[in-house]
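Here is how the chains run, residue by residue.
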Amino acid sequence: MPNILAVRRGGAIVPPLVAAVAILGCIALAATQHYLLFLFAALFTLLVIGVPIAISLAGSCLLYVLLTGRVPDVVVMHRMINGVDSFPLLAIPFFILAGNLMNNGGITVRIFDFAKALMGWMRGGLGHVNVGASIVFSGMSGAAVADAGGLGTIEIKAMKDAGYDEEFSVGITAASSTIGPIIPPSLPMVIYGVMASVSVGQLFVAGLVPGLLMGLVLMAMITIISRRRGYTRDAVFSFPVLGHTFKRAFLSLLTPVIIVGGIMSGAFTPTEAAIAAVVYALVLGGVVYRSLTWRRLLKVSMETIETTAVILLIVAGASIFAWILTSNQVTQHVVTLLGPFADNPIATLIIINLVLILVGCFMETIAAITILVPVLLPVAITAGVDPVHFGVIMVLNLMIGLLTPPVGMVLYVLSRVSGISFEKCMRGTLPFLVPLVIALLLVTFIPAISLWLPTLIYR
């Protein structure tokens, strides 16, 4: 499996003329000493001409520091190092490794077979199976692109072989993969917890009910589309088959139980749960199923190292960007700007949701979280929004952004692993944005969906 977390479309995303105008704009802002505007313009320009986001973040910040001359340029390096010097971030490589081990250890196939026996008898059966398998796998990997690249290959092939339209197949696969970072464990939740100084354990628990809600609304949309297109059932419900597939997948299904149960019971911290998941995946793939060879283990390890490096480099670059915004009191300016809405949490959340969805269209999740948390979280707290609730809202918004161009990371991954054009992937995904937005609105305006379980367990 390719290093799917690091996949991005190369080259500029705008015509050369637009890029040239953006560059001239940066020069003009620097010449007129509008340095903060220059920072944003430089970041935008680097992104649209195709520079990787980590380099865009660090590069624009370095240019800002050099132009202002207020602090030594070595501060950029120091701030980047401090940005990744956090114990909870240790969970990231371990959750990535656990997900890669499960994708390469035969675990995903067993999960898909069990989900098919459990849900294949429903109208549009394999669509429901797709969602069900993603819900189970989300309790193991914590990343949408890991779900799309691992389970997605199996799911799309099975649906195409069963006669489903390829756009429908890739659309539901893309949409269901966004459940991964909502149901614990979740890599974006770890990043948010570090940036917002919020308990990662509470964030994990808060995502459980919203993740299940996402699955329900997606299954409702599958039922509607299946009736309109005449999709039938893909299997006859059979207790013997269900029992057989459950037996084969039983040890695999224990993985989310170990991770989530350990965190909720207090037996593990999120970082310790990630280590436990890696150990369990190694035992399953290497000892029980014997499908994980030394060659595969080496390949998985290298993929994990590369992916972790990419994520932490983005976090490091975004941390210096966030520091510049904070030191220039951008947060206070934003709070002042939204002051008229401070007494109206609904209006504040609507504005924040619109900002997050827009940002999610253009920026990867990790970078967006590290940049926007210092700006938007104080606004949300001023409006009376719980930081844990806001974390779920932010991650859910940015997951929808994974399905929208021009970045649309999940669409690029599915296009690559399925051989279906990016345009078809995008068209197939559009109908499933509706239930995801409905789930977002419910989570946003009914805080109990996110906060009921953390309140029950932690408070």
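Residues numbered from 1 in each chain as written. Predicted model: local features only at pLDDT ≥ 70, side-chain atom pairs only at ≥ 80, totals over all residues. Heavy atoms only, no water.

- In the annotation of an unreviewed UniProt entry, the chain is listed under the name TRAP transporter large permease protein and assigned to Vreelandella titanicae.
- The Subunit (unreviewed entry) field of the UniProt record for the chain holds the comment "The complex comprises the extracytoplasmic solute receptor protein and the two transmembrane proteins."
- Checking UniProt for the chain, the heading Subcellular location (unreviewed entry) contains the comment "Cell inner membrane". (UniProt positions renumbered as here; feature names shortened; annotations may be inferred.)

### Some details on the overall build of the chain
Turning to step 1, where the next piece is worked out: When helices and strands are counted, the chain shows 22 helices and zero strands.
Turning to step 2, where the next piece is worked out: Computed over its C-alpha atoms, the radius of gyration of the chain comes to 22 Å, within 12% of the 23 Å expected for a compact globule of 459 residues.
Turning to step 3, where the next piece is worked out: For the chain, restricting intrachain contacts to residue pairs at least 6 apart in sequence, the fraction spanning at least 24 positions comes to 80%.
Turning to step 4, where the next piece is worked out: A total of about 18,500 Å² of accessible surface is found on the chain, and carbon and sulfur atoms cover 71% of it.
Turning to step 5, where the next piece is worked out: Each charge sign in the chain was given a centre, from 23 positive and 17 negative side chains, and these centres are 8 Å apart. (Helix = DSSP H or I, 4+ residues; strand = E, 2+ residues; numbered from the N terminus. Rg over C-alpha atoms; globule rule 2.2 N^0.38 Å. Contact = heavy atoms within 4.5 Å. Areas by Shrake-Rupley, 256 points an atom, 1.4 Å probe, with all protein chains shown as cover. Lys, Arg positive; Asp, Glu negative; His and termini not counted. Charge placed at Lys NZ, Arg CZ, Asp CG, Glu CD.)

### Describing the packing of helix 20 (residues 409-418) against helix 21 (residues 422-445)
Turning to step 1, where the next piece is worked out: Relative to each other, helix 20 and helix 21 sit at 125°, their axes nearing to 9 Å. Our classification of the angle between helix 20 and helix 21 gives oblique. Here the hand of the crossing between helix 20 and helix 21 comes out right-handed. In contact with L411, Y412, L414 and S415 of helix 20, helix 21 contributes F422, C425, M426 and T429. (Axes fitted to C-alpha atoms, helices over the stretch in contact; angles between N-to-C directions. Parallel < 35°, antiparallel > 145°, perpendicular 65-115°, else oblique. Left-handed = near helix turned anticlockwise from the far one by under 90°.)

### Some details on the domain arrangement of the chain
Turning to step 1, where the next piece is worked out: Domain assignment breaks the chain into domain 1 (15-85) and domain 2 (87-307).
Turning to step 2, where the next piece is worked out: Taking the mean C-alpha position of each, domain 1 and domain 2 sit 38 Å from one another. (Domains from an automatic or database assignment.)

### Let's talk about the packing of aromatic side chains
Turning to step 1, where the next piece is worked out: Scanning the entire structure with this criterion turns up ten aromatic pairs.
Turning to step 2, where the next piece is worked out: With 5.6 Å between their ring centres and 50° between their planes, F114 and F246 make a pair best called tilted. Residue F114 is found in helix 6 (residues 107-119), and its partner F246 is found in helix 13 (residues 239-265); the two are separated by 132 residues along the sequence.
Turning to step 3, where the next piece is worked out: With relative accessibility at 12%, the residue F114 sits in the buried group.
Turning to step 4, where the next piece is worked out: On the basis of relative accessibility, which here comes to 37%, the residue F246 falls in the partly exposed class.
Turning to step 5, where the next piece is worked out: Aromatic rings pair up to connect Y164, F168, Y231 and F432 into one cluster.
Turning to step 6, where the next piece is worked out: The ring of Y289 has R110 sitting right over it, with the charged end atom 3.7 Å from the ring centre. (Phe/Tyr/Trp six-rings, centres within 6.5 Å; stacked < 30°, edge-to-face > 60°. Buried < 20%, exposed > 50% of the residue type's maximum accessible area, 1.4 Å probe, protein only. Lys NZ or Arg CZ within 6 Å of the ring centre and 35° of its normal.)

### Focus on the packing of helix 10 (residues 187-196) against helix 19 (residues 387-401)
Turning to step 1, where the next piece is worked out: Packing of helix 10 against helix 19 leaves a shortest axis separation of 10 Å and a crossing angle of 135°. By the angle between their axes, helix 10 is oblique relative to helix 19. Note on packing geometry: the crossing formed by helix 10 with helix 19 is right-handed. Packed against helix 10, whose contacting residues are P188, M189 and Y192, the element helix 19 presents P387, F390, G391, V392, M394, V395 and M399 at the interface.

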